Amino acid sequence: MMSFQKLLFSLFINLCMMRLITNIDASTTTSQCLSHQQFMLLNMKHNLIYNPFKSTKLVHWNQSGVVDCCQWNGVSCNNGHVIGLDLSQESISGGLHNSSSLFNFEHLHSLNLAFNNFGSFIPSDIVKLKNLRHLNLSNAGFCGQIPKGIFQIQTLKTLDVSNNEELEGSLPEFSQHGQLDTLILSNTNFFGQLVSSISNLKQLSTLDLSNCQFNGTLPDSLSELTNLVYLDLSYNRFSGPLPSFNKSKNLQYLSLLQNELTGTILSTQWEELLNLCIINLGDNFFSGKIPKSLFTIPSLQEVTLSDNGFEGLLDEFQNATASTLELVDLSINKLEGPIPLSLFGLKRLSLLNLSSNKFNGTIHLDTIHKKLPYLRVLGLSNNKLSVEIADEDPSLSFFPNLTNVLLASCNLKKFPSFLKNQPKLFDLDLSNNLIQGPIPNWIWKFDSMVSLNLSNNLLTDLEGPLENPNSSLLMIDLHSNQIRGSIPYFTKYVVHLDFSNNEFSFIPPNIEKYLPFLFYLSLTNNSFHGKIPESFCNCSSIRMLDLSHNNFDGPIPKCLIARNNTLRLLNLAGNKLTGHIYDTIFSSTCNLRYLDLNVNLLRGTVPNSLANCQKLEVLNLGNNSLSDEFPCFLGNITTLQVLVLRSNKLHGPIDCSHNTSHWKMLRVVDLASNKFVGTLPGKLLQSWTAMMDDGNYTKENGIYLYFNMYDFGHYIRYKDMLALINIAIVKRLAKIFANDPPYIFDDMLNYAIKGNQLPYGGTYLDSVTVVNKGMQMKLVKIFSIFTSLDFSSNHFEGPIPEELMSLKALNVLNMSHNAFSGHIPSSLGDLTALESLDLSNNTLFGEIPTEISSLTFLAVLNLSFNHLEGKIPTGTQIQSFDIYSFEGNEGLCGPPLTNNCGDDGVQGLPPTPSASSETHNSIDWNFLSAELGFTFGIGVIILPLIFWKKWRLWYWKHLDDLLWRIIPQLDFVYEQHGQHKYKTLRWISA
């Protein structure tokens, strides 16, 4: 959504263009336009396609009785030559071509083609207009590559090609003779770096590159633009530190919102910027302390530093009462300590958002009310604060301007009663408090309320009546309470509805009639039972449906799966669903990103038509009774990141040798507890390239794995989000916020999307249950750098493939309970990110490689029940594991095992008796007869084998070990008899 400042700036530019045309008209001489100029105008008109019913200029040319073309609407002349053309908002379509006579107006100074729909390239012949000073091609539907020569027109002062979203190009090297004072490329596909020669544009006062694809560091030469007034580089991928703008003493507007900038901001960077009105450095990677001098810039009205890594105490600053500050947003940082009292001294403050920091102390709302009478937005959520509200104070009934109240995690124990008297509320967040009892019915009376979050409290009921025909609620979150009964309907406009983790048990019929615009519905972890209502299939707008962890039974409604063209998420895990997953029902237009059917009673095969879901990111079919081969046909889904097939009846090899494409983005693979056989195919492992990177966090992939139900990737633009919502809702929002500054709406959405980490903005955090560190654990939020492989409890065999060691980003590797053989590769030490390694219950032999001791992050290690031998490597990590990590390997010795190693590194023999003990009271066995020796052998060896079970087991165990060392064709296997598992020597064929 375009911010208020951007809107004003756009209007300013258009007014300037209109003023320019007026000035040109004023300079026009009384002489009529030259005949060839008129001919070219009519020829140009003839070749343009436009809507005559909407045209106010072209349609009247040569038809209103005015012969002199200099008097035509949109045309300006000087000495008979056309020097200005304004064809904006003429509904022109059908393209503009090099053959157009437009490019023959060699005296043209100003050309305005804005707000049309050409749908074509910008003709390269535009560079023929050598005298052009002002060019406005904004909002004109141009696409493709911009002519590079357009920047080289030496006379050009103003260039605006903004809001042509399919127009692309990069910045050229600017010459020292450039005259540009205004350059606007916003909302296009321009890319590349901001060239250092930008400093050659000495006259540049306005530079707007927002909403493009620029990257790289900001050049130091940017600080040489001494005439800069307006700088907007927001919504790009600029990185590196912030240059100083102290030489730009006229700078009034500075926005670097949503980039990848790093480093600290210093007090010296702002000392000379006395005219600065707006600073927006939000959504970057800035760190360090916030300099208090930032708040004392005399003309400053807005400062936004949200969603960064600023930390430490926020210092008090002077002259707060004289400040012009109206907006302060420091949310989503690491600021700590008490909130400075000087912030509450900013008398003109309209927005104060300090949410999602580490501030502590007690805040008295009556103090805020008395000192901040104009406050509209108050954000104190998710800190370490306690908010006290003196409900008895009658002055608190007067908060006339407050519209957004964000008090999550503020230790509230009851609903603030002063809210009842607010004239209007847009956004109310009281989540993560200790409020108990029923939700009072006055909550539903606010016709203007758009967002309500009461989650994570101790609420038990909803006080009626709930109906409000004028309600505008779009987002309702009541999750994690104790509310029971039937799910309620509040308003037909609701888009987001989260009733998860409650005790609801009934879903009224015909849900689509009450919730026609619903995008997101979560009913997970309630007490619903019976069949899944087919009325969900009739919710035409729904994109996210989560019915997991209830008691639904019966088959999955076929019509629900058939909604895969609109659904982005379908989560039915943790129910008692039966039957097959219907094949041929996933259409070629499938848009599913997340499908979770885990922990049900489903049987049959993995449907082949799932391969149509080319945007699928999470597929979880685990813990069912599916009987099929490994689904190699899903290999063409290149977006897949999480694949869980554990605990089914899947069988056969997984080599997929006939597939040409594989899952290059896979990060979590769980094939445990099936009947897969054969070796692990190295070619398949090498195709999982996402597991090979170093796992470094970047802004591009975010902190957690998630997807966006609005299909915008990772950058959310509110105007695009609203474009997908029903026009009736958009009109209602426009009516509600018509008389309020746009930052009120901006802040509400920003807070919902980021500050409270809710999926209001369309983001849904991927989750999965993995076996990590010896136990099953549900990762509700999967870090984008987390990777896991689980091949356990199958029938895999052969050596551990060397290709596995190229997956350097692996955090968890479980290959236990298989028949892997051979040595443990020494290259295992290359998996430096490994935290959990389980190779137990296989037939691995040889020594434990010393490289394993270099795995400094390793927290779980299990090598038990193999045929490993030799000394356990020493290292900072490996000696910390208990003996259970190494048991069942008779040849191992050294700590943490109790048996010591000999000098040769093998298990030592029991100590022999000393010489003195041998001579004292000893018998000289050399004098005994051979008969005695034979008889003794019978008594000591044979008889214990027959009658003494412990001796018999010891004897055969060591005999097996001896035979295994001598005869290479013999190997150990594990067999299950009843509840016991035995190790047996078997002849292994070549």
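Residues numbered from 1 in each chain as written. Predicted model: local features only at pLDDT ≥ 70, side-chain atom pairs only at ≥ 80, totals over all residues. Heavy atoms only, no water.

## Details of the overall build of the protein
Secondary structure summary: the protein contains 12 helices and 65 strands in total. The buried share among the 990 residues of the protein stands at 56%. Of the contacts formed within the protein by residues at least 6 apart in sequence, a portion of 56% connects residues at least 24 apart. (Helix = DSSP H or I, 4+ residues; strand = E, 2+ residues; numbered from the N terminus. Buried < 20%, exposed > 50% of the residue type's maximum accessible area, 1.4 Å probe, protein only. Contact = heavy atoms within 4.5 Å.)

## Thoughts on the side chain of S885
Here S885 lies in the loop between β62 (867-871) and β63 (891-893). At a separation of 2.6 Å, a polar atom in the side chain of S885 contacts the main-chain carbonyl oxygen of L861. Each residue touching S885, except ones within four places of it in the same chain, is listed here: L861, N862, L863 and S864. (Polar contact = N/O pair within 3.5 Å; in protein donor to acceptor, adjacent residues only side chain to side chain.)

## A word on the sheet that holds strand β48 (residues 651-652)
Spatially, β48-β50-β56-β58-β60-β62-β63 is the arrangement adopted by the seven strands of the open sheet, whose pairing is parallel. Of all strands in the sheet, those with a lone pairing partner are β48 and β63, marking the two edges. (Pairing = 2+ DSSP bridges.)

## Some remarks on the pattern of salt bridges
Summed over the entire model, instances satisfying the criterion amount to 10 salt bridges. Where D740 meets K424, a salt bridge forms, and the shortest distance between an N and an O atom there is 3.1 Å. Note that D740 is positioned in the loop between α8 (727-736) and α9 (743-755) and K424 in the loop between β28 (404-406) and β29 (427-429), a separation of 316 residues in sequence. Relative accessible area serves as the criterion here: at 7%, D740 is assigned to the buried category. Using a relative accessible area of 30% as the deciding quantity, one classes K424 as partly exposed. Salt bridges linked by common partners bring R376, K424 and D740 together as one network. (Salt bridge = Lys/Arg side-chain N within 4 Å of Asp/Glu carboxyl O.)

## A look at unusual backbone geometry
The general pattern is negative phi for most residues beyond glycine and trans for most peptide bonds. Of note, the bond from G464 into P465 is cis; its omega dihedral lies within 30 degrees of zero at 0°. Here P465 lies in the loop between β32 (458-462) and β33 (475-477). For the bond running from P895 to P896, omega is 10°, close enough to zero to count as cis. The residue P896 is located in the loop between β63 and α10 (915-919) in this model. In this structure, N187 takes a positive phi of about 55° despite not being glycine. Along the chain, the position of N187 falls in the loop between β10 (182-184) and β11 (189-193).

## Section: the pairing of strand β3 (residues 81-86)
Judged by how many residues are buried, β3 sits mostly within the fold: five of six residues are covered. The hairpin formed by strand β2 (residues 75-78) and β3 contains two residues between the paired strands, and N79 there has a positive phi angle of roughly 55°. Relative to strand β5 (residues 110-112), β3 runs parallel, the two being bridged by three bridges. By the bridge assignment, G84 is partnered in β5 with S110.

## Structural notes on the nonpolar core
Judged by nonpolar contacts, the single largest core of 233 residues is most densely connected at L85, W270 and L380. Top contributing element to this core by residue count: helix α2 (residues 35-47), with three residues. Ranked by size, the runner-up nonpolar core spans 21 residues in total, among them L327, V377, Y493 and F517. (Core = buried A, V, L, I, M, F, W, Y, C linked by side-chain atoms within 4.5 Å.)

## Some details on the sheet that holds strand β38 (residues 529-530)
Ordered in space as β38-β40-β42-β44-β46, the five strands form an open sheet in which the pairing is parallel. This sheet does not close on itself; its edge strands, each paired only once, are β38 and β46 (625-626). Both strand β44 (residues 601-604) and β46 contribute to a ladder of two bridges, which runs parallel. In the strand pairing of β46, G604 is matched with L626.

## A short note on the side chain of N164
Among the structural elements, N164 can be located in the loop between β8 (158-160) and β9 (166-169). Residue N164 is classed as buried on the basis of its relative accessible area of 1%. A polar contact is formed between the side chain of N164 and the backbone nitrogen of A140, at a distance of 3.1 Å. Apart from the residues lying within four places of it in its own chain, the contact partners of N164 are L137, S138, N139, A140, G141, F142, N187 and T188.

## Considerations on the packing of aromatic side chains
Evaluation of the coordinates by the stated rule reveals 19 aromatic pairs. Centre to centre, the rings of F118 and F142 are 4.8 Å apart; their planes meet at 10°, and the pair counts as stacked. Here F118, found in the loop between β5 and β6 (134-136), pairs with F142, found in the loop between β6 and β7 (143-145); they are 24 residues apart in sequence, far enough to count as distant. Exposure remark for F118: the relative accessible area of 3% places this residue in the buried category. On the basis of relative accessible area, F142 is assigned to the buried category, the value being 2%. Note on F499 and F504: the rings are 5.2 Å apart at their centroids and 40° apart in plane angle, and the pair reads as tilted. The two residues F499 and F504 agree in class, both being buried. The structure contains a cluster of three or more aromatic residues connected by ring pairs, namely F630, W663, F676, F791, F796 and F820. (Phe/Tyr/Trp six-rings, centres within 6.5 Å; stacked < 30°, edge-to-face > 60°.)

## Here's the deal with the state of the cysteines
The tally for this structure, following the rule as stated, stands at six disulfides. With its sulfur 1.9 Å from that of its partner, C33 forms a disulfide with C69. Here C69 lies in the loop between β1 (49-50) and β2 and C33 lies in the loop between α1 (4-26) and α2, a separation of 36 residues in the sequence. Note on C69: relative accessible area 0%, which makes it buried. Paired through a disulfide, C70 and C77 show a sulfur-sulfur distance of 2.1 Å. In this structure the cystine formed by C70 and C77 twists about its S-S bond by roughly -100°; its chirality is therefore left-handed. Once the bonded cysteines of the protein are numbered in order along the sequence, the disulfide links fall as 1-2, 3-4, 5-6, 7-8, 9-10, 11-12. (Disulfide = S-S within 2.5 Å.)

## Quick word on the environment of L570
Looking at the element boundaries, L570 is found in strand β41 (residues 569-571). On a C-alpha basis, the gap between L570 and L592 in space is 7.7 Å, while along the polypeptide they are 22 residues apart. The contacts of L570, once residues within four sequence positions are left out, are L545, L560, I561, L592, Y594, L595 and D596.

## Considering α8
Every buried residue of α8 is listed here: I729, L733 and I736. One side of α8 holds all its buried residues, which, seen down the axis, span an arc of 60°. When the buried face of α8 is taken as reference, the exposed residues oriented beyond 90 degrees from it are I727, K731 and K735. (Arc of directions from axis to C-beta.)

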